[in-house]
Amino acid sequence: DVKVTQSSRYLVKRTGEKVFLECVQDMDHENMFWYRQDPGLGLRLIYFSYDVKMKEKGDIPEGYSVSREKKERFSLILESASTNQTSMYLCASSPTGAGANVLTFGAGSRLTVL
Amino acid sequence: AQRVTQPEKLLSVFKGAPVELKCNYSYSGSPELFWYVQYSRQRLQLLLRHISRESIKGFTADLNKGETSFHLKKPFAQEEDSAMYYCALRGGNNDMRFGAGTRLTVKP
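Residues numbered from 1 in each chain as written. Chains lettered and ligands numbered in written order. Predicted model: local features only at pLDDT ≥ 70, side-chain atom pairs only at ≥ 80, totals over all residues. Heavy atoms only, no water.

Enquirer: What is the right way to read the overall build of chain B from this model?
Expert: Summing up its helical and strand segments, chain B has zero helices and eleven strands in all. Secondary structure elements of chain B, listed N to C terminal, follow the sequence β-β-β-β-β-β-β-β-β-β-β. Taken against the 2.2 N^0.38 rule, which gives 13 Å for 108 residues, the C-alpha radius of gyration of chain B at 13 Å falls within 12% of a compact globule. Structurally, chain B occupies a C-alpha span of about 40 × 30 × 25 Å along its principal axes. A burial count over chain B gives 48% of its 108 residues as buried. For chain B, the proportion of contacts with a sequence separation of at least 24, taken over those separated by at least 6, is 58%. In the structure as shown, chain B presents an accessible area of about 5,500 Å², 48% of it carried by carbon and sulfur atoms. With 16 positive and 10 negative side-chain charges, chain B shows a spacing of 5 Å between the two charge centroids. (Helix = DSSP H or I, 4+ residues; strand = E, 2+ residues; numbered from the N terminus. Rg over C-alpha atoms; globule rule 2.2 N^0.38 Å. Buried < 20%, exposed > 50% of the residue type's maximum accessible area, 1.4 Å probe, protein only. Contact = heavy atoms within 4.5 Å. Areas by Shrake-Rupley, 256 points an atom, 1.4 Å probe, with all protein chains shown as cover. Lys, Arg positive; Asp, Glu negative; His and termini not counted. Charge placed at Lys NZ, Arg CZ, Asp CG, Glu CD.)

Quick look at the structure:
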C-alpha cells in the first residue's frame, strides 16, 4: 500500500540536462515537500507546497524549481543539472488539521549528475 | 528561522546499554518536535512526536524548553534499533526542518 510514489528510483544525467523528479501521493494531503538527503548534512528542505499552485522556498532552493498543478502531484525540476546536485531526493506529504505535520515519505530518487 | 542540531553523527552502544540521541533546536515560536527513523533499505518514517508523549519501541523523548532540547532515550538498546535517526522541527507554515541525523549502531 504505497502512498507516496516517486517515479524514478535511480537516474543518471549529464551536466546541463534538464531533470524532472515526479512525486505522487494518494492520501489527499495538502502539504508536499522536496528534500535532499546527503551524508553528514541530513535532510535539507528544497521547496514545499501547502496547496495546489502554491509553493514556498525552503533552505536550498537555488538551482531548483517546482510545480504543483494537481493536489496529488509535486514535481521537482532541475533546469540545468550540475554535479553538486548529485544526491538522494526525498518527497514527502502531510495533511493539515488532525495528524498534521506527520510526514509520509517516498522511497527516494537517487540522482547522479556526471 | 528554525534550526535543528544533532551534535553526534555516529553513536555506538552495546546491546542492553542505555542510549541517548541528542537534539537541540532554535525557534522563536512554540516548538513542535519529532523524531524520524530510517532503517536500512526502508523509507524514513515517524518514530514519535512530543505532543503525543508516547513511548514507541521503548523510546521516549521529552521536550525541555529551558534547554531547547528534545533528546531521544531508550533504557536498553536492541540490535534492531540500529538505524539513522533524525530530529525534526515544524515551522509556522507546516514546513518541517530536520537535523543532520545520528547513525546509531547497536553492537551484539
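The rest of the description comes next.
Enquirer: Can you walk me through the side chain of Glu 32 of chain B in this structure?
Expert: Note that Glu 32 of chain B resides in the loop between strand S4 (24-26) and strand S5 (33-38). There is a polar contact of 2.7 Å between the side chain of Glu 32 of chain B and the side chain of Arg 90 of chain B. (Polar contact = N/O pair within 3.5 Å; in protein donor to acceptor, adjacent residues only side chain to side chain.)

Enquirer: Sorry if this is basic, but what is going on with the sheet that holds strand S7 (residues 60-61) of chain B here?
Expert: Sheets are built from strands paired through backbone hydrogen bonds, the pairs being either parallel or antiparallel. Residue and element names in this part refer to chain B. One open sheet accounts for three strands, arranged S3-S8-S7; its pairing is antiparallel. The open sheet has two edge strands, strand S3 (19-21) and S7, and neither has a second partner. The pairing of S3 with strand S8 (residues 72-74) spans three bridges and is classified as antiparallel. The partner of Val 19 across the bridge, within S8, is Lys 74. (Pairing = 2+ DSSP bridges.)

Enquirer: Please clarify how the state of the cysteines should be interpreted in this entry.
Expert: Formally, a disulfide is one covalent bond, and it connects the sulfur atom of one cysteine to the sulfur atom of another. One pass over the structure, following the stated rule, counts two disulfides over all chains. Residue Cys 23 of chain A pairs covalently with Cys 91 of chain A via a disulfide, S to S 1.9 Å. Between Cys 23 of chain A and Cys 91 of chain A, the disulfide has an S-S torsion of -80 degrees and is therefore left-handed. On the criterion of sequence distance, the pair formed by Cys 23 of chain A in strand S3 (residues 19-25) and Cys 91 of chain A in strand S9 (residues 87-94) is long-range, its members being 68 residues apart. Summarising the burial analysis for this pair, Cys 23 of chain A and Cys 91 of chain A share the class buried. Between the sulfur atoms of Cys 23 of chain B and its disulfide partner Cys 87 of chain B the distance amounts to 2.0 Å. Across the S-S bond linking Cys 23 of chain B and Cys 87 of chain B, the dihedral sits near -65 degrees, which makes this disulfide left-handed. Taken together, the positions of Cys 23 of chain B in the loop between S3 and S4 and Cys 87 of chain B in strand S9 (residues 83-90) put the pair 64 residues apart, joining distant regions of the chain. Residue Cys 23 of chain B shares its accessibility class with Cys 87 of chain B, and that shared class is buried. (Disulfide = S-S within 2.5 Å.)

Enquirer: Can you walk me through the pattern of salt bridges in this structure?
Expert: Oppositely charged side chains may form a pair once their charged atoms are brought near each other. Summed over all chains, the structure comprises 13 salt bridges over all chains. A salt bridge links Glu 20 of chain B to Lys 22 of chain B, with the shortest nitrogen-to-oxygen separation between them at 3.2 Å. By relative accessible area, Glu 20 of chain B is classed as partly exposed at 28%. Where Arg 97 of chain B meets Asp 95 of chain B, a salt bridge forms, and the shortest distance between an N and an O atom there is 2.1 Å. Residue Arg 97 of chain B is classed as buried on the basis of its relative accessible area of 11%. Salt bridges here are not isolated pairs; linked through shared partners, they connect Asp 28, Glu 30 and Lys 71 of chain A. (Salt bridge = Lys/Arg side-chain N within 4 Å of Asp/Glu carboxyl O.)

Enquirer: Can you help me understand unusual backbone geometry in this one?
Expert: Peptide bonds are mostly trans, and most non-glycine residues show a negative phi. Residues other than glycine seldom take positive phi values, yet Asp 28 of chain A does so here, at roughly 60 degrees. By the secondary structure assignment, Asp 28 of chain A is in the loop between S3 and strand S4 (31-38).

Enquirer: Explanation requested: the packing of aromatic side chains in the structure shown.
Expert: Two numbers describe a pair of aromatic rings. These are the distance of the centres and the angle of the planes. One pass over the structure, following the stated rule, counts eleven aromatic pairs over all chains. Considering the side-chain rings of Tyr 35 of chain A and Phe 105 of chain A, the 6.2 Å spacing of their centres and the 40 degrees angle between planes classify their relative orientation as tilted. Separated by 70 residues along the polypeptide, Tyr 35 of chain A in strand S4 and Phe 105 of chain A in strand S10 (residues 104-105) bring together distant segments of the chain. Residue Tyr 35 of chain A shares its accessibility class with Phe 105 of chain A, and that shared class is buried. Among the aromatic residues, ring-to-ring pairing joins Phe 33, Tyr 35, Phe 48 and Phe 105 of chain A together with Phe 34, Tyr 36, Tyr 86 and Phe 98 of chain B into one connected group. Stacked on the ring of Phe 14 of chain B, the Lys or Arg Lys 107 of chain B has its end atom at 4.4 Å from the ring centre. (Phe/Tyr/Trp six-rings, centres within 6.5 Å; stacked < 30°, edge-to-face > 60°. Lys NZ or Arg CZ within 6 Å of the ring centre and 35° of its normal.)

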